[in-house]
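# Survey of secondary and tertiary structure
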Amino acid sequence: MIYVLRLGHRKGRDLRISTHCGLVARAFGADAIIYTGDYDKKMMESVKDVADRWGGNFKVFYEKQWKKFLSSFEGKIIHLTMYGLPVDAVINNIREIRGDKVIVIGGEKVPAELYKMADYNIAIGKQPHSEVAALAVFLDKLFKGDELNKDFENAKIKVIPQEKGKKVVEVNRYKSKQS
Ligand code: SAM
């Protein structure tokens, strides 16, 4: 299993970015996201709703005590941070890890102790950018881009790629909604 742990969600202020962390985690091949910080039912429901309609087995969890969770996590802790080792130097080692992994992405402030708790501190470039971008690039490198071609099981709707325009079909009924 590949989990994403999103640290320090702030209800209201982080609605869009935390939702995007969940959507990117799912679309780029992780199995679940765990939110920490403020409990935000509405935000988590919006991620679950996408997962329900677009398929797959993606799960959404909330964890109040991130430190306790990571201390008892039976797998490798991978922290994405601009201060870590370059992703291309370590990605082959990460790919060979058997067992569970948790990819930790920060919010506004990242607690110093996380750098020690992590098995790997990994940088996606040496510039500050975003948890959403860092997660997408990391997962894409981990899966060598294959995750983008994956079909999600039990999807209720799916996109039929078009050169122009938008086409989404209801999977079981093949009823199309076009624009
Ligand atoms: N000031 C924060 C800190 O103490 O690291 C960084 C805040 S940044 C807006 C939020 C998150 O984006 C970080 O915790 C990290 O997970 C991710 N991030 C931003 N730039 C990154 C980079 N170059 N490489 C890896 N992750 C990055």
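For the structure, see preceding data.
This one's a predicted model, so the numbers in the text were calculated from it and none came from an experiment. (Residues numbered from 1 in each chain as written. Predicted model: local features only at pLDDT ≥ 70, side-chain atom pairs only at ≥ 80, totals over all residues. Heavy atoms only, no water.)

### Let's talk about helix 6 (residues 131–142)
Note the cut-off: A run of H or I in DSSP counts as a helix once it spans at least four residues, and a run of E counts as a strand once it spans at least two, with each numbered from the N terminus. Expected helix span is taken as 1.5 Å per residue step, with the number of steps being one fewer than the number of residues. The classification of residues rests on relative accessible area computed with a 1.4 Å probe and restricted to protein chains. Under 20% of the type maximum is buried, over 50% is exposed, and intermediate values are partly exposed. Polar contacts here mean pairs of N or O atoms no more than 3.5 Å apart (in protein, one a potential hydrogen donor and the other a potential acceptor; neighbouring residues in sequence count only if both atoms are side-chain atoms).
Between its first and last C-alpha, helix 6 extends 16 Å over 12 residues, near the 16 Å set by a 1.5 Å rise per residue. Those residues of helix 6 that sit buried are E131, V132, A134, L135, A136, F138, L139 and L142. Capping the start of helix 6, S130 holds a side-chain oxygen 2.9 Å from the backbone nitrogen of V132, two or three residues further along. Taken from the residues just after helix 6, K144 is the one with a positive phi, measuring 55 degrees.

### Quick notes on the sheet that holds strand 3 (residues 59–62)
What counts, and what does not: Following DSSP output, two strands are said to pair if at least two bridges run between them. Simply put, an axis is a line fit to the C-alpha atoms, just over the touching stretch for a helix, and the angle between two N-to-C directions goes from 0 to 180 degrees. Contacts between residues were defined by any pair of non-hydrogen atoms, one from each residue, lying within 4.5 Å.
Reading across the sheet, the six strands line up as 3-2-1-5-4-6 and stay open at both edges, with parallel pairing between neighbours. Bordering the open sheet on either side are strand 3 and strand 6 (120–123), each of which pairs with just one other strand. Here the strands of the sheet are splayed against their neighbours by 30 degrees on average, with no regard to which way each runs. Sheet topology note: the strand 1 (residues 2–9)/strand 2 (residues 32–37) ladder contains five bridges and is parallel. Paired with R6 across the two strands is Y35, which belongs to strand 2. Most of the contacts of helix 4 (residues 87–95) go to strand 4 (residues 75–86), to which it runs at about 170 degrees, and overall it touches strand 4, strand 5 (100–105) and strand 6. Along the sheet, helix 6 contacts strand 1, strand 4, strand 5 and strand 6; its crossing angle with strand 5, the most-contacted strand, is approximately 150 degrees.

### Focus on the site of the ligand
For the record, the criterion: The nearness test applies per residue and asks whether one of its heavy atoms lies within 4 Å of the molecule or strand. Ten residues, namely Ala, Val, Leu, Ile, Met, Phe, Trp, Tyr, Cys and Pro, are considered nonpolar, four, namely Asp, Glu, Lys and Arg, are considered charged, and the remaining ones, Gly among them, are considered polar.
Taken together, 20 residues surround the ligand, and among them L80, G106, I124, Q127 and E131 come closest. Between L80 and the ligand, the recorded distance is 2.7 Å, taken from a backbone N or O atom to an oxygen atom. When residues of the shell around the ligand are traced back to their parent elements, those giving at least two are strand 4, strand 6 and helix 6. Tallying contributions element by element places strand 4 first for the shell around the ligand, with four residues. Of the residues assigned to the shell around the ligand, the class counts are 11 nonpolar, seven polar and two charged.

### Considering the packing of helix 1 (residues 15–27) against helix 2 (residues 41–54)
How we decide: To sort the angles, those under 35 degrees are grouped as roughly parallel, those over 145 as roughly antiparallel, those from 65 to 115 as roughly perpendicular, and the leftovers as oblique. Here a crossing is called left-handed whenever its near helix is offset anticlockwise from the far helix by less than a right angle, and right-handed whenever the offset is clockwise.
For the pair helix 1 and helix 2, interaxial distance at closest approach is 9 Å and the crossing angle is 30 degrees. When the interaxial angle is binned, helix 1 and helix 2 end up roughly parallel. The two elements helix 1 and helix 2 meet at a crossing, and its hand is right-handed. Contacts between helix 1 and helix 2 involve L15, S18, T19, G22, L23 and R26 from the former and M43, S46, V47, V50, A51 and W54 from the latter.

### Remarks on the environment of M43
For M43, the location among the structural elements is in helix 2. Of the residues examined, M43 reaches a relative accessible area of 1% and is grouped as buried. Measuring from C-alpha to C-alpha, the distance between M43 and R53 comes to 16 Å, with 10 residues separating the pair along the chain. In this structure M43 touches H9, L15, S18, T19 and Y35, once residues within four positions along its chain are discounted.

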